[in-house]
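# Close look at the chain arrangement
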Amino acid sequence: MNPAPSGHRALGDDVAGARFDDEHVTTLALVARNGDPEDVEAFIRAVYTDVRRFVAYLAGAHQAEDLAQETFLRALGSLPRFAGRSSGRTWLLSIARRVVVDRFRSAAARPVVAELADWQSAAESRQSRGLPTVEDAVALTDLLHRVPLERREAFVLTQVVGLPYAEVAELLGCPIGTVRSRVARVRGELLESLLAA
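The shown structure was predicted, so the numbers you read here are calculated from the model rather than taken from an experiment. (Residues numbered from 1 in each chain as written. Predicted model: local features only at pLDDT ≥ 70, side-chain atom pairs only at ≥ 80, totals over all residues. Heavy atoms only, no water.)

## Here's the deal with the nonpolar core
As a rule of thumb, nonpolar side chains are buried together in soluble globular proteins. Formed by 48 residues in total, the largest nonpolar core has its most connected members in Phe43, Phe54, Leu79, Trp91, Leu92, Leu93 and Leu157. For this core, the elements supplying multiple residues, two or more each, are helix H1 (22-32), helix H2 (37-59), helix H3 (61-78), helix H4 (88-108), helix H6 (134-146), helix H7 (149-160), helix H8 (165-172) and helix H9 (176-196). The leading source of residues in this core is H2, at 12 residues. In this view, Leu93 contacts Asp50, Val51, Phe54, Leu157, Val161, Leu163 and Leu171; residues no more than four positions away in its chain are not counted. (Core = buried A, V, L, I, M, F, W, Y, C linked by side-chain atoms within 4.5 Å. Buried < 20%, exposed > 50% of the residue type's maximum accessible area, 1.4 Å probe, protein only. Helix = DSSP H or I, 4+ residues; strand = E, 2+ residues; numbered from the N terminus. Contact = heavy atoms within 4.5 Å.)

As structure tokens, this is what we get:
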């Protein structure tokens, strides 16, 4: 997606911290099916933060923007066929999930090159005392990425994005008890890893 035209705020600017209920998001998606740019923009603004946060937790913050963009490109192509059988948010997050899985499959076919610049010292020297350090954030992200994808998805959707367990069960195509079990296991694993560290 291109940056917003001059005079408009960038995507996500007016929804920072805002949480639209599923009924509202679904209504926006149904209205946006007509392709009117203002309606499409309203739908994207309502769900952008959730999509970006979801893909960041699944694939890493460094890929979040690209994955969110790809999610919206796919969604906009499918939007005219959205029938509202599930909430607009659930529908969009299922597309995001497929985008991340496709990216993992693609990445598995080629080697990954890591560039390690000395940014850590500069970031730590500017960090306020008492707040989590860059090392803490990296460690937590690493711990979460060690959790198998199916459990990580359930955890991120319920604990980070804030979706109800029933909706996550529908999105992942499994019973609600399985979602609860996966979330509980991730909590236990993270706590165990943190205590061991």
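## Focus: the environment of Val99
With respect to the helices, strands and loops of the structure, Val99 is situated in helix H4. Sequence separation between Val99 and Leu67 is 32 residues; the distance between their C-alpha atoms is 6.8 Å. Once residues within four sequence positions are removed from consideration, Val99 is found in contact with Leu67, Glu70, Thr71 and Arg74.

## Here we look at the pattern of salt bridges
Following the criterion strictly, the structure yields 12 salt bridges and no others. For the salt bridge of Glu41 with Arg45, the shortest nitrogen-to-oxygen distance reads 2.7 Å. Remark: Arg45 and Glu41 occur in helix H2; sequence separation between them is 4 residues, near one turn of the helix. Across the salt bridge formed by Glu70 and Arg74, the nearest N and O atoms sit 3.0 Å from each other. On the criterion of helical spacing, the pair formed by Glu70 and Arg74 is a turn pair, its members being 4 residues apart in helix H3. Residue Glu70 is classed as partly exposed on the basis of its relative accessible area, which comes to 24%. Linked by salt bridges that have partners in common, Glu70, Arg74, Asp102, Arg103 and Arg105 make up one network. (Salt bridge = Lys/Arg side-chain N within 4 Å of Asp/Glu carboxyl O.)

## So, the environment of Val156
Inspection of the secondary structure puts Val156 in helix H7. Ignoring anything within four residues of it in the chain, the contact list for Val156 reads Phe54, Tyr57, Leu144 and Val161.

## Considering H3
Along its 18 residues, H3 runs 26 Å from first to last C-alpha, staying within 8% of the 26 Å computed at 1.5 Å per residue. Among all positions in H3, only Ala64, Leu67, Ala68, Gln69, Thr71, Phe72 and Ala75 are buried. (Expected span 1.5 Å × (residues − 1).)

## Points about the packing of H7 against H9
When two helices pack together, their arrangement is captured by the angle between the axes and the distance separating the axes. Close contact between H7 and H9 brings their axes to 8 Å; oriented N to C, the two are set at 95°. Classed by the angle they form, the pair H7 and H9 counts as roughly perpendicular. Counting all contacts with H7, which are made through Glu150, Arg151, Arg152, Ala154, Phe155, Thr158 and Gln159, the residues of H9 involved are Val179, Arg182, Val183, Arg185, Val186, Arg187, Glu189 and Leu190. Taken together, the residues that form the contact of H7 with H9 break down as 6 nonpolar, 2 polar and 7 charged. (Axes fitted to C-alpha atoms, helices over the stretch in contact; angles between N-to-C directions. Parallel < 35°, antiparallel > 145°, perpendicular 65-115°, else oblique. Nonpolar A, V, L, I, M, F, W, Y, C, P; charged D, E, K, R; others polar.)

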